[in-house]
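Residue-level structure breakdown
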Amino acid sequence: MAVVSSKEIGCDIEDIAGAPDGALLDLAFSVQERAAICRSVDPAQQLTRIWTRKEACVKCSGTIPDDPARWPSSAPGLTTFTPPGKPYVYSICTSHA
């Protein structure tokens, strides 16, 4: 993926993987995010949507905190796309500074 902006930007693109692994959920997602993934009609897609959001936010911020469960998955300027019929998700986060 290539993104051009006059502001700081972060982006991530991921293939939608199989069923979420419990250990991964515990390691990389907050309690609220795990609940959203588990109650979703398509948990694999929801996990991928949240993960790309986290990656885009962190990349936009320029710092990578140690605990991925604490990475933000929402921010002003964050957009997530799941193209119809495509097996991937991408997110783009732009700075409002």
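Check the entry above for the structure.
In this text the structure is predicted, and so the values were computed from the model without any measurement. (Residues numbered from 1 in each chain as written. Predicted model: local features only at pLDDT ≥ 70, side-chain atom pairs only at ≥ 80, totals over all residues. Heavy atoms only, no water.)

For the chain, the count of helices and strands is three helices and three strands. Going from N to C terminus, the chain has its helices and strands arranged as β-α-α-α-β-β. Against the compact-globule benchmark of 13 Å for 97 residues, the chain has a radius of gyration of 13 Å, which places it among compact chains. Projecting the C-alpha coordinates of the chain onto the three principal axes gives extents of approximately 40 × 35 × 15 Å. (Helix = DSSP H or I, 4+ residues; strand = E, 2+ residues; numbered from the N terminus. Rg over C-alpha atoms; globule rule 2.2 N^0.38 Å.)

With that out of the way, let us pick up the pattern of salt bridges. This structure, assessed with the given rule, holds four salt bridges. Lysine 59 is paired through a salt bridge with glutamate 55; the nearest N and O atoms lie 3.7 Å apart. Residue lysine 59 and its partner glutamate 55 are located together in helix α3 (residues 43-61), separated by four residues, close to a single helical turn. Connected through salt bridges with shared partners, the residues Asp12, Glu55 and Lys59 form a single ionic network. (Salt bridge = Lys/Arg side-chain N within 4 Å of Asp/Glu carboxyl O.)

Moving on, we come to the pairing of strand β2 (residues 78-81). Burial of β2 is one-sided: the residues Leu78 and Thr80 facing one way are buried, the residues Thr79 and Phe81 facing the other way are not. Here β2 runs beside strand β3 (residues 88-94); their pairing, made up of four bridges, is antiparallel. Note on β3: the bridge partner recorded for threonine 79 is isoleucine 92. Hairpin connection of β2 to β3: six residues between the antiparallel strands, including glycine 85 at a positive phi of 75 degrees. (Buried < 20%, exposed > 50% of the residue type's maximum accessible area, 1.4 Å probe, protein only. Pairing = 2+ DSSP bridges.)

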